[in-house]
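# Structural features, examined
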Amino acid sequence: MLDRKYIVDHAEEVKENCARRGAAVDVDRLVEIEELRRAKLQDVQELNRRANEVAKSIGSCKDPTARAERVEEGRRLRDAKDTAQSEHDRLDDEALAIQTLIPNRTHPDAPIGTDDGANREVGRGAAPVPDFAFKPLDHVQLAERHALIDFEAGARIAGHGFYFLKNEAVLLELALQQFAVGLLIQKGFTPVITPDLAYTEILNGVGFIPRGPETQIYSIENSNLNLVATSEITLGGMYSGATLDEDQLPIRFCGLSHCFRTEAGAAGRASRGLYRVHQFTKVEMFAFTTPDQSDAVHEELCAIERELFDRLGIPFRVVDTATGDLGGPAYRKYDLEAWMPGRGERGEWGEVTSTSNCTDYQARRLNIRFRKKAEKGTHFVHTLNGTAVAVSRAMIAILENHQQVDGTILVPDVLRPFVGKDRIG
RNA sequence: GGAGAGGUGGCAGAGCGGUCUAUUGCACUGGUCUUGAAAACCAGAGUCGGGGUAACCCGACCCAGGGUUCGAAUCCCUGCCUCUCCGCCA
């Protein structure tokens, strides 16, 4: 969420930004409502002040007649205040509804464009795109061949989009987590396993919108709990309402959780196999920083993602995400797209990680602040997130890129200690 | 899950419908005193929002949200959390 005062004071700039990011928002209406709201707020405060004054005078008022008059006066003022207050609250709700739809500001270097077609490639991984001397199988075929994944059984017990991992796929899942968490600990991240459920209010703060028709979120009936779509939600929520000290920052967490997504509206779109599933495991990086630190930490998160996939021997490219494809909270976003030889006709790039600098957009809604030494007041922290390993997609990339002509699959060196073998099959 | 107790400022801990602005202690900041320090004494100190060029003024905040009342930290309801006991359980 952007600061309301900022929106009002920079309405033109905000409108341009909305246009670049493809967000249809009535900023003018917000400006208009906000003006009315502020005027109403002053009425409320004035009425409140007078009501307080009257109420206070009653305590020391001994004469019964005068007292009764005062009580009546107080009642009248409080009623007037309540009326003004509810008018104010209605305006505030309307303003908030619009405010919530306004996306974050955008990094000046982010490529401008309406969708992912405008994304700018900014780098490649160390591994070259493999040039197989045979027709490579996709991960569904490979998984079947080696009895790694049971999609049919998954569908039987929970529907399309669920699956059972079996045999070496289980070892790979665990190995990827071990590998990623281990590396992140070395980099100074504090590992945490987070809840897989979170309150609606936390989801909203992080920028997710549960319970709409288009929602990606599974909600628990008769409660305000939701299955998390990423531990970004729980990690961001960890410090909601907190005021941190400047010298604690930056704080780096690496969170491990299951992720649940309804994938509403995504049916039929490149959803074969593990690519688009309703549940997967993810190792997530999350950082709380000062405003000065966030750009550098963003580069750092991206560098870690690159290192992880380089060490897995997976070819990838890095793209700087175009304005129209950033989503609401991100100020800038880099995606890692791994080469997936089994996708499409001759292989395609498929997103495996994503890292965003959300600046103060999430922190404002979550109310996460920090205090500078020897300075009054507080500032909002910046929040950043990045995928270390989304296990399902990483597994696709591993199976498809490391397959051999004889149908076996080489286990990446860095995972061998955890998998306990060099080769599947 | 059942029964009880409780959530107050950085911490400890009063306050149980209106005396002036939420006692008090510790910690904190500034000052006085001192060669310096300690002690003592004096003073100050939170957050968010609104108004004002400004010193400053005002509103809100005693876990959260509702309610009763002219007036709520205090009374009522709901939720969340903590503690104690019981039950159940990997």
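What you see as residue numbers is a count from 1 along each chain, following the sequence as written. Written order decides the labels, with chains lettered from A and ligands numbered from 1. Where local features are concerned, this predicted model is filtered to residues with pLDDT of at least 70; where side-chain atom pairs are given and counted, the filter is 80 or more; whole-chain, interface and lining totals use all residues. Excluded from the side-chain calculations are hydrogens and water; all other atoms, namely the structure's heavy atoms, are used.

### What to know about the overall build of chain A
When helices and strands are counted, chain A shows 13 helices and 17 strands. Once the C-alpha set of chain A is aligned to its principal axes, its extents read approximately 100 × 45 × 40 Å. Three labels apply to residues, based on accessible area from a 1.4 Å probe with only protein chains included: buried if under 20% of the type maximum, exposed if over 50%, partly exposed otherwise in between. Looking at chain A as a whole, 49% of its 425 residues are labelled buried. In these tables, accessible area is a Shrake-Rupley quantity obtained with a 1.4 Å probe, and a residue counts as shielded only by the protein chains included in the view. In the form shown here, chain A has an accessible surface area of approximately 20200 Å², with 49% of it arising from carbon and sulfur atoms. Separation of charge centres in chain A, based on 53 positive and 65 negative side chains, amounts to 3 Å. Each helix is a run of H or I in the DSSP string that is no shorter than four residues. Each strand is a run of E no shorter than two, and both are numbered from the N terminus. Charged residues are defined narrowly, with Lys and Arg counted positive, Asp and Glu counted negative, and His plus the chain ends left uncounted. Think of each charge as sitting on NZ of Lys, CZ of Arg, CG of Asp or CD of Glu.

### Here's the deal with the protein's contact with RNA strand B
Lining the immediate environment of RNA strand B, one finds 20 residues, of which Ala55, Ile58, Arg75, Lys376 and Thr378 sit closest. In protein, a polar contact means a hydrogen-donor-capable atom and an acceptor-capable atom, both N or O and within 3.5 Å, with residues adjacent in sequence counting only if both atoms are side-chain atoms; elsewhere, any N or O pair within 3.5 Å suffices. The contact in question runs from a phosphate oxygen of RNA strand B to an N or O atom on the side chain of Asn52, over 3.4 Å. Among the secondary structure elements, those contributing two or more residues to the surface near RNA strand B are helix H3 (27-59) and helix H4 (64-101). Distances are taken per atom, and a residue is near a molecule or strand as soon as one of its heavy atoms is within 4 Å of it.

### Focus: the sheet that holds strand S11 (residues 332-340)
Strand pairing follows a simple DSSP-based rule, namely that at least 2 bridges must link the two strands. The strand order S1-S10-S11-S12-S15-S9-S8-S4 describes an open sheet built from 8 strands, whose pairing is mixed. Of all strands in the sheet, those with a lone pairing partner are strand S1 (120-124) and strand S4 (190-193), marking the two edges. Pairwise comparison of adjacent strand axes, ignoring direction, gives a mean angle of 30 degrees for this sheet. Relative to S11, strand S10 (residues 316-320) runs antiparallel, the two sharing 5 bridges. Here an angle of 0 to 180 degrees is reported between the N-to-C directions of two axes, which are lines fitted to C-alpha atoms, with helices fitted over the stretch in contact.

### Some thoughts on the domain arrangement of chain A
By a widely used convention, the size of an interface equals the accessible area lost when the partners come together. According to the domain assignment, chain A consists of domain 1 (4-101) and domain 2 (116-424). Note that the domain bounds reflect an automated or database-derived domain assignment. A straight line from the C-alpha centre of domain 1 to that of domain 2 covers 42 Å.

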